[in-house]
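Each chain, letter by letter, is given below.
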Amino acid sequence: ISFLYTCTAVLIFPNIDSVEDELELSAVRHRPEGLEQLEALTRFNRKELQILYRGFKNECPSGVVNEDTFKDIYSQFFPQGDASTYAHFLFNAFDTDKDGSVSFEDFVMGLSILLRGSVQEKLNWAFNLYDINKDGYITKEEMLDIMKAIYDMMGKCTYPLLKDDTPRQHVEIFFQKMDKNKDGVVTIDEFIDCCQNDENIMRSMQLFDNVI
Amino acid sequence: MAAGVAAWLPFARAAAIGWMPVANCPMPIAPRDHRKRHDELIILNVSGRRFQTWRTTLDRYPDTLLGSSEKQFFYDEETKEYFFDRDPDSFRSILNFYRTGKLHYPRYECISAYDEELTFFGIIPEIIGDCCYEEYKDRKRENAERLQDDQDDNKDCKLPNMTYRETMWRAFENPHTSTMALVFYYVTGFFIAISVLTNVIETVPCGATPSQKDMPCGERYTIAFFCMDTACVLIFTVEYLMRLFAAPSRYQFMRSVMSIIDVVAIFPYYIGLVMTDNEDVSGAFVTLRVFRVFRIFKFSRHSQGLRILGYTLKSCASELGFLLFSLTMAIIIFATVMFYAEKGSSSTKFTSIPASFWYTIVTMTTLGYGDMVPKTIAGKIFGSICSLSGVLVIALPVPVIVSNFSRIYHQNQRADKRRAQKVQKARLARIRIAQTGSSCTGFLQSKRNDLLNELLELTGSEEEEQQLNKGMSLLESQHHHLLHCLEKTTAHEFVDEQLYEQNCLETTIQSYTSRSPSFSSQDGPIGTCCTRRGKMNSPLPNSSLPLQPSHQQGSLQELSALHIQCGDKLPHTTSRSSLNMKTDDVGLINCKGSQITTAIISIPTAPSDTTDGGAPSINTTASSNVIKVSAL
């Protein structure tokens, strides 16, 4: 009988430890380097950095974004689908120092490449995004993961209906285009070469230059 | 899209560069930013207190007063500020909503004043953050109830033209409404008391006369008690019939607890009347008399407290059930143990396990009658363990039940909150509806608008193009551009739920009717891209949706059949769609693919009468064009 009561007691008080852990985590704060250093590191001017930081800090008062917040924020832009897988890959691409959180420096340096970088740098960044294990080669499996993540963002209410092997087919097309020596992987040189020869891709790279 | 993440839109758009190498089609052009880029501080003067914020902060929520052009009405030219003659304290939380994206409800604020402020500034209360929403809802409900009570009190005074039946029902439910009702209320109460008293006194042995031995009063004064009983039952029957007559919903009344108690209280008498002569059943009849004690429950109509007690017991049922279950377990365990412990001793009262139940219960509740006592040493040891644990078992749940009672009082209030769980979904739905501008439905709608724009460009009617270019904020157009890029990357389009479901139905039907040529699925991504390059989204009207499967996997013959059917339907369609058929034709000639893909975008059948005039002439040509194409 007392066993029953100890059971109920254990059930009532399980959560105290985890609450304390959470309190400790939220004490992490981060202050970015000064404006001058950031101006030197990136290609944004002062005013742009100010606007960027205000937006960043508004959404993340603690100064860093962890992966869950990142996924939440990114998912808000794609209400119909599930953007969390792609957000995970994006997060890894932005978190250059691999510390599990994206600070303002990481954020602004990534943006600097994407918005003010040369085409070469942008393609480099994209290659880095696709190369999940960062070994310098994009394999079909890595590309398939990325492709599935992108298709997940569409959700299920699409036209034409998404079939299960649509991502795989798309990966095949991609590899046909990019993999010149047909060795099953795409290296950075093959990737950059091929993209530079493709008008569409070149044009679309310039698309977001005036975003900030 | 929560505008709090508006600051991240540039980031999301920049990250879209990651899709570019993967896409096979060119991307749509980004919306141009015509407005000035530099941010300015806006001064908001609310009854003398000045608040300052960036313009872009206010622009985050374009469907509110401060975020839209409506604030221009409050602009003061001389002081170059926006003046609002409202409460500055409430304005704090409203402005914080723009800054942080979360609306908080300050507890010191009066609920109706706060509601008014929210309505004035065009903010729906459903957006109140989860931290404050429960409080807000509580206060709102309290307020509503208080107002309702006040109204009810007023309503009681005036009763114009109520039918006799309704008056009766109100009299029964609420005895304070009229003196008649009060009299009736007290009379029935009196008779219930009399009836219960007679039941009790019936069994008391009264007055031993020398001639007869001691017998209960009931048997001595049979006639008197019988008359008393008859009178009470008559009154109860009349009361029940009157209630049944007056009840607004007789079926519901008959199912209610009180009426069942009434029935149970008066039935034994009638059964007794019917069966007095039969000796065999009279034994059973005596048992039925026990049910007369249920008359005491009729008091619960008269006592509010009884009703609350009954209700709380009912809600506490699960806890009581658990208590009962654990007690039963304990009883069985100890009874078994005691039985086997006492089995050895002679002339033991513990003859069987069920017989030991009685000992266990009496010991655990610390009653200790002493009619059954263990004699062996083992029995005594286990008996003492039993009584000790009994104390624990009985004592521990008592505070639980006590706290349950106090919890149930609040639960009584919170039963409405449980309805709020369902309201939560409705609340989220309302928020979604209020923010359709930036949501995906807004995206689909803007696609339609873009489409119509293109068509109008083709036909050259400028005025309507102006109409359709409604002021969509830059943020929204950028967001839509982002979604459009995703569509191009994956070569699939967003559609809304109902179209998707229709497509699903169609594909399942289609799979029965035709074998799909595999080439269509292979060309899938590229094929659709090609056809779309010609900006040839040819929307078919909703009425012809069941014919859609042609794009998916149809043999060409089926294609032609369906398209001819499309042609037949054309005269009934709106003018817009007929224009679309024309562009369809144009686009197809450009495309090299033998596949005809048609995109489904449902055109709102908006009444636009201006282009109706030109429609009939185009109809026939379009239909003939369609037939020609499908013959390919």
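The shown structure was predicted, so the numbers you read here are calculated from the model rather than taken from an experiment.

Peer 1: Got a sec to walk through the overall build of chain A? Specific residues and values, please.
Peer 2: Looking only at helices and strands, chain A has twelve helices and five strands in total. Taken across its 212 residues, chain A has 43% of its residues classed as buried. Contacts spanning at least 24 positions in sequence make up 58% of the contacts within chain A whose residues lie at least 6 apart. With the model as given, the accessible surface of chain A reaches about 10800 Å², and the carbon-plus-sulfur share is 54%.

Peer 1: Just give me the short version of the environment of Glu33(A), but keep the residues and values in it.
Peer 2: Structurally, Glu33(A) is set in the loop between α2 (16-25) and α3 (35-41). Glu33(A) sits 72 residues away from Glu105(A) along the chain, and the two C-alpha atoms are 7.7 Å apart.

Peer 1: Lay out the interface of chain A and chain B with the relevant residues and their values.
Peer 2: You'll often see interface size given as the accessible area lost when the parts meet. With 62 residues of chain A at the contact, the number on the chain B side is 65 residues. Carbon and sulfur atoms make up 71% of the surface buried where chain A meets chain B, a total of about 5900 Å² over both sides. Contact with chain B buries surface across chain A, with Phe77(A), Tyr159(A) and Phe208(A) losing the most and accounting together for 15% of the total. Between the two partners, chain A and chain B, sit zero salt bridges. Linking chain A with chain B are five residue pairs in polar contact (both at pLDDT 80 or more). Of the residues belonging to the side of chain A that touches chain B, the class tally is 45 nonpolar, ten polar and seven charged. As paired strands, strand β4 (residues 158-159) of chain A and strand β5 (residues 493-494) of chain B are joined by two bridges and run antiparallel to one another. Bridging from a neighbouring strand, Tyr159(A) pairs with Glu493(B) of β5(B).

Peer 1: Hey, could you go over the side chain of Asp106(A) for me, with residue numbers and the actual values?
Peer 2: Residue and element names in this part refer to chain A. Examined against the element boundaries, Asp106 turns out to sit in helix α7 (residues 104-116). One buried charge, Asp106, has no salt-bridge partner; the nearest side chain with opposite charge is Lys98, at 8.8 Å. Of the polar contacts made by the side chain of Asp106, one reaches the side chain of Thr96; its length is 3.4 Å.

Peer 1: Help me get a handle on the nonpolar core, residues and values and all.
Peer 2: The biggest cluster of nonpolar side chains holds 76 residues, and the ones touching the most others in it are Tyr74(A), Phe78(A), Met143(A), Phe191(A) and Trp19(B). Ranked by residues supplied to this core, first place goes to helix α9 (residues 140-154) of chain A with nine residues. Here Phe78(A) is in contact with Ala83(A), Met153(A), Trp19(B), Leu482(B), Leu483(B) and Leu486(B), once residues within four sequence places are set aside. Grouped together as the second largest cluster of nonpolar side chains are 28 residues, Ile42(B), Leu44(B), Ile94(B) and Tyr133(B) included.

Peer 1: Can you lay out the state of the cysteines for me, pointing to particular residues and giving the numbers?
Peer 2: In the structure shown here, the tally under the stated rule is zero disulfides over all chains. There is no disulfide at Cys132(B), and the cysteine sulfur nearest it, in Cys131(B), is 4.0 Å away.

Peer 1: Help me get a handle on helix α20 (residues 474-490) of chain B, residues and values and all.
Peer 2: Residues and elements named next belong to chain B. Across its 17 residues, α20 extends 25 Å between first and last C-alpha, which sits within 8% of the 24 Å expected from 1.5 Å per residue. Among the 17 residues in α20, 15 count as buried, and that is most of the element. Trailing α20 by a residue or two, Ala491 shows a phi angle of about 60°, which is positive.

The rules we used
- Think of each chain on its own: its residues are numbered from 1, step by step along the sequence as written.
- Labels follow written order: the first chain is A, the first ligand is 1, and so on.
- Restriction of local features to residues with pLDDT of at least 70 applies here, the model being predicted, together with a cutoff of 80 or more for giving and counting side-chain atom pairs; totals for whole chains, interfaces and linings are based on all residues.
- As a convention, hydrogens and water are excluded, and side-chain values are obtained from all of the structure's heavy atoms.
- Only runs of H or I of at least four residues qualify as helices and only runs of E of at least two qualify as strands under DSSP, and these elements are numbered from the N terminus.
- Residue burial is assigned from relative accessible area. The probe radius is 1.4 Å, only protein chains are included, and a residue is buried under 20% of its type maximum, exposed over 50%, and partly exposed in between.
- When checking whether two residues touch, look at their non-hydrogen atoms; a contact exists if any pair is within 4.5 Å.
- For the area figures, the Shrake-Rupley method with a 1.4 Å probe applies, and any residue is considered shielded solely by the protein chains shown.
- We define buried area as the total accessible area lost by two parts upon association, computed with a 1.4 Å probe and summed across both.
- Criterion for a salt bridge: a side-chain nitrogen of Lys or Arg within 4 Å of a carboxyl oxygen of Asp or Glu.
- Under this definition, polar contacts are N or O atom pairs within 3.5 Å; protein pairs additionally need one hydrogen-donor-capable and one acceptor-capable atom, and for neighbouring residues in sequence, both atoms have to be side-chain atoms.
- Residues are sorted three ways: Asp, Glu, Lys and Arg are charged, Ala, Val, Leu, Ile, Met, Phe, Trp, Tyr, Cys and Pro are nonpolar, and all the rest, Gly among them, are polar.
- Strand pairing follows a simple DSSP-based rule, namely that at least 2 bridges must link the two strands.
- Neither His nor the chain ends contribute to the count of charged residues, in which Lys and Arg are positive and Asp and Glu negative.
- As used here, the term nonpolar core means buried Ala, Val, Leu, Ile, Met, Phe, Trp, Tyr and Cys residues forming a set that is joined through side-chain atoms within 4.5 Å.
- Two cysteine sulfurs form what is called a disulfide whenever their separation falls within 2.5 Å.
- One less than the number of residues in a helix, times 1.5 Å, gives the span that helix is expected to have.

Purely geometric stuff here, so don't read any function into it on its own.
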